[in-house]
Amino acid sequence: IAGITQAPTSQILAAGRRMTLRCTQDMRHNAMYWYRQDLGLGLRLIHYSNTAGTTGKGEVPDGYSVSRANTDDFPLTLASAVPSQTSVYFCASAGQGGDTQYFGPGTRLTVL
Amino acid sequence: QKEVEQNSGPLSVPEGAIASLNCTYSDRGSQSFFWYRQYSGKSPELIMSIYSNGDKEDGRFTAQLNKASQYVSLLIRDSQPSDSATYLCAVNSNNNDMRFGAGTRLTVKP
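Residues numbered from 1 in each chain as written. Chains lettered and ligands numbered in written order. Predicted model: local features only at pLDDT ≥ 70, side-chain atom pairs only at ≥ 80, totals over all residues. Heavy atoms only, no water.

### Examining unusual backbone geometry
Between A7(A) and the following residue, P8(A), the backbone shows a cis peptide bond with an omega angle of -5 degrees. Looking at where P8(A) falls in the secondary structure, it is placed in the loop between β1 (4–7) and β2 (10–13). If you check the backbone angles, Q70(B) has positive phi at about 55 degrees while not being a glycine. Its place among the elements puts Q70(B) in the loop between β7 (61–66) and β8 (71–76). Look at D78(B): it is not a glycine, yet its phi comes out positive at around 50 degrees. Structurally, the position occupied by D78(B) is in the loop between β8 and β9 (85–92). (Helix = DSSP H or I, 4+ residues; strand = E, 2+ residues; numbered from the N terminus.)

### Details of the state of the cysteines
Within this structure, the stated rule accounts for 2 disulfides over all chains. Linked covalently through their sulfurs, C23(A) and C91(A) form a disulfide whose S-S length is 1.9 Å. Its S-S torsion of approximately -70 degrees makes the covalent link between C23(A) and C91(A) left-handed. Here C91(A) lies in strand β9 (residues 87–94) and C23(A) lies in strand β3 (residues 19–25), a separation of 68 residues in the sequence. By relative accessible area, C23(A) is classed as buried at 2%. Sulfur-sulfur distance for the disulfide between C23(B) and C89(B) comes to 2.0 Å. Between C23(B) and C89(B), the S-S dihedral sits near -75 degrees, and the bridge is therefore left-handed. Here the residue C23(B) occupies a position in strand β3 (residues 19–25), and C89(B) occupies one in strand β9, the gap between them amounting to 66 residues. For C23(B), a relative accessible area of 1% puts it in the buried group. C89(B) sits in the buried class, given a relative accessible area of 0%. (Disulfide = S-S within 2.5 Å. Buried < 20%, exposed > 50% of the residue type's maximum accessible area, 1.4 Å probe, protein only.)

### A short note on the sheet that holds strand β1 (residues 4–6) of chain B
Residues and elements named next belong to chain B. Spatial strand order, β1-β3-β8-β7-β6: 5 strands in an open sheet with antiparallel pairing. Unpaired on one side and paired on the other, β1 and β6 (54–58) mark the two borders of the sheet. Adjacent strand axes in the sheet meet at a mean angle of 20 degrees when their direction is disregarded. Two elements, β7 and β8, share 6 bridges in a ladder whose sense is antiparallel. Among the inter-strand pairings, A63 is bridged to a residue of β8, identified as L74. (Pairing = 2+ DSSP bridges. Axes fitted to C-alpha atoms, helices over the stretch in contact; angles between N-to-C directions.)

This is the structure:
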């Protein structure tokens, strides 16, 4: 079934630990995005990638890094997690033209 | 000032009524506008997109755009309990700058 998958579904993490959230899409979409969603703040863009090999910073990039080695995968890494990174993280992708985004199921991350 | 503003709600309407959801945005250069529906604990799903001034209808849903007033709305006719969700307004100035409102929670009471 075509779509976007994210892993893990949820994670509890100790502060200071490194964590990579995985995102894979099989729709051959060029553009991919990482958002965090916090109560009262809506969805905020962390990083994006227009195509394999390129990445860019969004609205709230600090503390996060991404890579785009191929079209399908777009992992998000927290090098040293902090409690303020507790959130629900959504990966999204967009096809040709790029303005309609489709979302993965999300990862609920708790940093203690 | 938030770039995309929505009434947080909750908005409560009886079954069969019209639900009206509103959104304003600050960037006059915005070109494309979206409404997403998000059920509790789930991911956002696209229900409407609109690019030109006026109305766009899709089944029970109508999106309305007024670029001069920087205003976009979503009407849901014959509201059903299954429409109970949070509705997110999203505005795109360019493909890498989609901004979302905080969402309006809608409850449709049977």
